[in-house]
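# Observations on the model geometry
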Amino acid sequence: MTPQDPPKRSGPSKGITCDEAMARMFEFIDNELMPNELLATQYHLMDCDDCTNEHQVRQALKDLVRKACAVSAPHHLRERVVASLEAEYLRYAAPAASQ
Ligand SMILES: [Zn+2]
(Lines give C-alpha, C1' and ligand atoms only; values in the text may rest on other atoms or scores of the structure.)
Protein backbone atom coordinates (compact mmCIF):
# COMPACT_ATOMS: atom_id res chain seq x y z
CA MET A 1 0.00 0.00 0.00
CA THR A 2 1.30 3.43 -0.85
CA PRO A 3 -0.02 6.47 1.02
CA GLN A 4 -1.57 8.96 -1.38
CA ASP A 5 -1.83 11.97 0.87
CA PRO A 6 -1.04 15.25 -0.87
CA PRO A 7 2.33 16.70 0.19
CA LYS A 8 0.94 19.23 2.64
CA ARG A 9 4.21 19.99 4.38
CA SER A 10 6.56 20.30 1.46
CA GLY A 11 7.38 23.96 2.18
CA PRO A 12 6.50 27.23 0.49
CA SER A 13 8.70 26.65 -2.55
CA LYS A 14 6.13 24.33 -4.11
CA GLY A 15 3.32 26.85 -4.10
CA ILE A 16 3.14 30.60 -3.72
CA THR A 17 4.95 32.87 -1.30
CA CYS A 18 3.40 34.72 1.63
CA ASP A 19 3.60 37.96 -0.36
CA GLU A 20 1.63 36.40 -3.19
CA ALA A 21 -0.90 34.92 -0.79
CA MET A 22 -1.37 38.28 0.95
CA ALA A 23 -1.74 40.05 -2.38
CA ARG A 24 -4.50 37.65 -3.41
CA MET A 25 -6.24 37.56 -0.06
CA PHE A 26 -9.18 39.82 -0.83
CA GLU A 27 -9.74 38.19 -4.22
CA PHE A 28 -9.52 34.83 -2.49
CA ILE A 29 -12.19 35.87 0.00
CA ASP A 30 -14.31 37.30 -2.80
CA ASN A 31 -13.90 34.11 -4.81
CA GLU A 32 -12.49 36.04 -7.75
CA LEU A 33 -9.34 34.02 -8.35
CA MET A 34 -8.62 31.74 -11.26
CA PRO A 35 -9.00 28.07 -10.24
CA ASN A 36 -5.24 27.46 -10.23
CA GLU A 37 -4.61 30.59 -8.12
CA LEU A 38 -7.44 29.62 -5.79
CA LEU A 39 -5.93 26.18 -5.30
CA ALA A 40 -2.42 27.53 -4.77
CA THR A 41 -3.71 30.00 -2.19
CA GLN A 42 -5.70 27.30 -0.41
CA TYR A 43 -2.63 25.07 -0.26
CA HIS A 44 -0.55 27.95 1.07
CA LEU A 45 -3.09 28.68 3.81
CA MET A 46 -2.99 25.03 4.88
CA ASP A 47 0.74 25.37 5.47
CA CYS A 48 1.12 28.93 6.71
CA ASP A 49 -0.18 30.11 10.07
CA ASP A 50 0.64 33.76 9.36
CA CYS A 51 -1.43 33.84 6.21
CA THR A 52 -4.20 31.83 7.85
CA ASN A 53 -4.41 34.44 10.60
CA GLU A 54 -4.42 37.21 8.02
CA HIS A 55 -7.15 35.41 6.10
CA GLN A 56 -9.30 35.09 9.22
CA VAL A 57 -8.86 38.76 10.10
CA ARG A 58 -9.79 39.93 6.61
CA GLN A 59 -12.66 37.48 6.37
CA ALA A 60 -14.03 38.74 9.69
CA LEU A 61 -13.55 42.33 8.56
CA LYS A 62 -15.42 41.66 5.35
CA ASP A 63 -18.24 39.89 7.18
CA LEU A 64 -18.60 42.83 9.55
CA VAL A 65 -18.69 45.32 6.71
CA ARG A 66 -21.23 43.19 4.84
CA LYS A 67 -23.44 42.97 7.93
CA ALA A 68 -23.12 46.69 8.52
CA CYS A 69 -24.18 47.33 4.95
CA ALA A 70 -26.95 44.70 4.99
CA VAL A 71 -28.92 46.52 7.68
CA SER A 72 -28.96 49.54 5.34
CA ALA A 73 -27.36 51.82 7.85
CA PRO A 74 -27.32 55.53 7.14
CA HIS A 75 -24.44 56.47 4.87
CA HIS A 76 -22.53 58.41 7.54
CA LEU A 77 -22.87 55.53 10.00
CA ARG A 78 -21.66 53.03 7.42
CA GLU A 79 -18.64 55.20 6.74
CA ARG A 80 -17.91 55.39 10.45
CA VAL A 81 -18.14 51.63 10.81
CA VAL A 82 -15.84 51.03 7.86
CA ALA A 83 -13.41 53.70 9.08
CA SER A 84 -13.26 52.27 12.59
CA LEU A 85 -12.80 48.76 11.25
CA GLU A 86 -9.99 49.97 9.03
CA ALA A 87 -8.37 51.76 11.96
CA GLU A 88 -8.70 48.61 14.03
CA TYR A 89 -7.20 46.55 11.25
CA LEU A 90 -4.31 48.96 10.73
CA ARG A 91 -3.58 48.92 14.44
CA TYR A 92 -3.49 45.14 14.27
CA ALA A 93 -1.35 45.09 11.14
CA ALA A 94 0.99 47.90 12.21
CA PRO A 95 1.52 47.86 15.97
CA ALA A 96 4.32 50.42 15.62
CA ALA A 97 1.80 53.18 14.89
CA SER A 98 2.40 56.44 16.72
CA GLN A 99 0.34 57.00 19.83
ZN1 LIG B 1 2.10 32.60 4.15
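None of these values were measured; they are calculated from a predicted model.

What follows concerns the environment of M22. Structurally, the position occupied by M22 is in helix α1 (residues 18-29). Note: C-alpha distance between M22 and T52 (30 residues apart in sequence) is 9.9 Å. The residues contacting M22, other than those within four sequence positions of it, are C51 and E54.

On to the environment of R24. Note that R24 resides in helix α1. Look past the residues within four positions of R24 in its chain and what remains in contact with it is L33, E37 and T41.

On to helix α2 (residues 35-47), then. In an α-helix, one full turn covers 3.6 residues, which means residues spaced three or four apart are oriented alike. For α2, spanning 13 residues, the distance from its first C-alpha to its last is 19 Å, which sits close to the expected 18 Å at 1.5 Å a residue. Three or more residues of α2 are buried, namely T41, H44 and L45. Buried residues in α2, looked at end-on, bunch into an arc of 100 degrees, giving them a common side. In α2, the exposed residues that point more than 90 degrees away from the buried face are P35, N36 and L39. The inward-facing, buried residues of α2 abut α1 and α3 (49-70).

Glancing now at α1. With 12 residues, α1 extends 16 Å between its outermost C-alpha atoms, agreeing within 8% with the 16 Å of an ideal straight helix rising 1.5 Å per residue. Burial in α1 covers these residues: A21, R24 and F28. The buried side chains of α1 occupy one side of the element, clustering within an arc of 85 degrees when seen end-on. The inward-facing, buried residues of α1 abut α2 and α3.

Let us now look at the packing of α1 against α3. With their axes 10 Å apart at the nearest point, α1 and α3 run at an angle of 25 degrees to one another. It follows from the interaxial angle that α1 and α3 lie roughly parallel. The element α1 and its partner α3 pack so that their crossing is right-handed. The residues of α3 that touch α1, namely those facing C18, A21, M22, M25, F26 and I29, are D50, C51, E54, H55, R58, Q59 and K62. Residue composition of the contact of α1 with α3, grouped by class: seven nonpolar, two polar and four charged.

Cut-offs and rules
- Residues numbered from 1 in each chain as written.
- Predicted model: local features only at pLDDT ≥ 70, side-chain atom pairs only at ≥ 80, totals over all residues.
- Helix = DSSP H or I, 4+ residues; strand = E, 2+ residues; numbered from the N terminus.
- Contact = placed C-beta atoms within 7 Å.
- Expected span 1.5 Å × (residues − 1).
- Buried ≥ 20, exposed ≤ 12 C-beta atoms within 10 Å, placed from the backbone.
- Arc of directions from axis to C-beta.
- Axes fitted to C-alpha atoms, helices over the stretch in contact; angles between N-to-C directions.
- Parallel < 35°, antiparallel > 145°, perpendicular 65-115°, else oblique.
- Left-handed = near helix turned anticlockwise from the far one by under 90°.
- Nonpolar A, V, L, I, M, F, W, Y, C, P; charged D, E, K, R; others polar.

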